[in-house]
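Spelled out, the chains give:
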Amino acid sequence: MIKGVLLDFNGTLFFDSHFHELAWKEISKQLRGYPMSDEEIKRNVHGKNNEKIINYLTDNQLEPKENKAVSLEKEAMYRQMCINDEKKFVLAPGVEEFLNYLVEKKLPFTIASASIKENIDFFVSSFKLDKWLDPNLIVYDDGNYATKVEMFNEAAKRLDVDIKECLVVEDSISGIEFAHQCDVAKIIAINSDKDKEKYQEFDYLTDILDDFTTFPYDIFEMEH
């Protein structure tokens, strides 16, 4: 049976791709005079960290300190865009019910996110995440994790649960692949970008959902 749940945040619990894309288009205009195209974003943003995206936009011309400053500016811009769009700045459909279920069933869970601390603090405060979980259990990008393999393993460790008995819920291809490398019990994909075809090659996925309103809760009663 599933003993712990590891949740991605961006694009999984919160559908925010459009905010990130808008922010990167603005940063692109600042750095090179014109916005990134949708095709560029698809190729060079999704699944990449900020440092790599900025290196792409500047042809590796920035020093690490300058790169970091641009990254922080982009994230501040992203947060402001979230605040400015109240209708879209909400948890994904079915998420609150899902988190309530985990709490009610006393199933250990946490978030493993590639977001930086400033964004995690912003999400905890804005969505009142601390009513469902201890924020100290959240694993985020603090510079100590090479990939999400390390993040997932740290998240399971914080829950005191064997990674092989965990369910991972992710939206990104890279996140799904890293979860599979961890040999987790089950993986569910959240198709927040409405592009189901990109998941078809992963025959090890338990399910592909548009959001949490159709979450298969019986998964928690099944043996591996």
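Residues numbered from 1 in each chain as written. Predicted model: local features only at pLDDT ≥ 70, side-chain atom pairs only at ≥ 80, totals over all residues. Heavy atoms only, no water.

**Structural notes on the overall build of the protein**
Then comes step 1: Within the protein, the regular secondary structure consists of 8 helices and 5 strands.
Then comes step 2: Overall, the protein shows an N-to-C arrangement of helices and strands of β-α-α-α-α-α-β-α-α-β-α-β-β.
Then comes step 3: When the backbone C-alpha atoms are referred to their principal axes, the protein occupies close to 55 × 35 × 30 Å.
Then comes step 4: Per-residue burial over the protein gives 48% buried out of 224 residues.
Then comes step 5: Of the contacts made within the protein by residues no fewer than 6 positions apart, 63% connect residues no fewer than 24 positions apart.
Then comes step 6: Total accessible area computed for the protein in this model is approximately 11,500 Å², and 47% of it derives from carbon and sulfur atoms.
Then comes step 7: Between the mean site of the 27 positive side-chain charges and the mean site of the 44 negative ones, the protein shows a separation of 2 Å. (Helix = DSSP H or I, 4+ residues; strand = E, 2+ residues; numbered from the N terminus. Buried < 20%, exposed > 50% of the residue type's maximum accessible area, 1.4 Å probe, protein only. Contact = heavy atoms within 4.5 Å. Areas by Shrake-Rupley, 256 points an atom, 1.4 Å probe, with all protein chains shown as cover. Lys, Arg positive; Asp, Glu negative; His and termini not counted. Charge placed at Lys NZ, Arg CZ, Asp CG, Glu CD.)

**A closer look at the packing of aromatic side chains**
Then comes step 1: Inspection of every chain in the model, using the stated rule, returns 21 aromatic pairs.
Then comes step 2: Arranged with centres 5.9 Å apart and planes meeting at 65 degrees, the rings of Phe-14 and Phe-123 form a pair that is edge-to-face. Of the two residues, Phe-14 sits in the loop between strand S1 (4-7) and helix H1 (17-32) while Phe-123 sits in helix H6 (residues 117-127), which places them 109 residues apart along the sequence.
Then comes step 3: Here Phe-123 falls in the buried class, since its relative accessible area comes to 1%.
Then comes step 4: By the ring-pair criterion, three or more aromatic residues cluster together here, those being Phe-9, Phe-14, Phe-19, Tyr-78, Phe-89, Phe-122, Phe-123 and Phe-127.
Then comes step 5: Across the ring face of Tyr-78, the terminal group of Lys-74 is positioned such that the distance to the ring centre comes to 5.3 Å. (Phe/Tyr/Trp six-rings, centres within 6.5 Å; stacked < 30°, edge-to-face > 60°. Lys NZ or Arg CZ within 6 Å of the ring centre and 35° of its normal.)

**Considering the nonpolar core**
Then comes step 1: The biggest cluster of nonpolar side chains holds 51 residues, and the ones touching the most others in it are Phe-215 and Phe-220.
Then comes step 2: In contact with Phe-215, other than residues within four places in its own chain, are Phe-98, Leu-167, Val-169, Ile-188, Leu-209 and Phe-220.
Then comes step 3: Counting 24 residues, the second-largest nonpolar core is a separate cluster that includes Leu-6, Met-151, Ala-156 and Val-168. (Core = buried A, V, L, I, M, F, W, Y, C linked by side-chain atoms within 4.5 Å.)

**Description of the pattern of salt bridges**
Any two side chains of opposite charge can pair if their charged atoms end up close together.
Then comes step 1: Under the defined criterion, the tally for this structure stands at 12 salt bridges.
Then comes step 2: Here Lys-3 makes a salt bridge to Glu-165, at a shortest N to O gap of 3.4 Å. Taken together, the residues Lys-3 in the segment before S1 and Glu-165 in the loop between helix H7 (148-159) and strand S3 (166-170) connect sequence positions 162 residues apart.
Then comes step 3: Judged by relative accessible area, which is 41%, Lys-3 ranks as partly exposed.
Then comes step 4: Where Lys-25 meets Asp-38, a salt bridge forms, and the shortest distance between an N and an O atom there is 2.9 Å. Separated by 13 residues along the polypeptide, Lys-25 in helix H1 and Asp-38 in helix H2 (residues 38-44) bring together distant segments of the chain.
Then comes step 5: Residue class for Lys-25 comes out partly exposed when judged on its relative accessible area of 23%.
Then comes step 6: Relative accessible area serves as the criterion here: at 56%, Asp-38 is assigned to the exposed category.
Then comes step 7: Where salt bridges share partners, they join Asp-8, Lys-148 and Glu-170 into one cluster. (Salt bridge = Lys/Arg side-chain N within 4 Å of Asp/Glu carboxyl O.)

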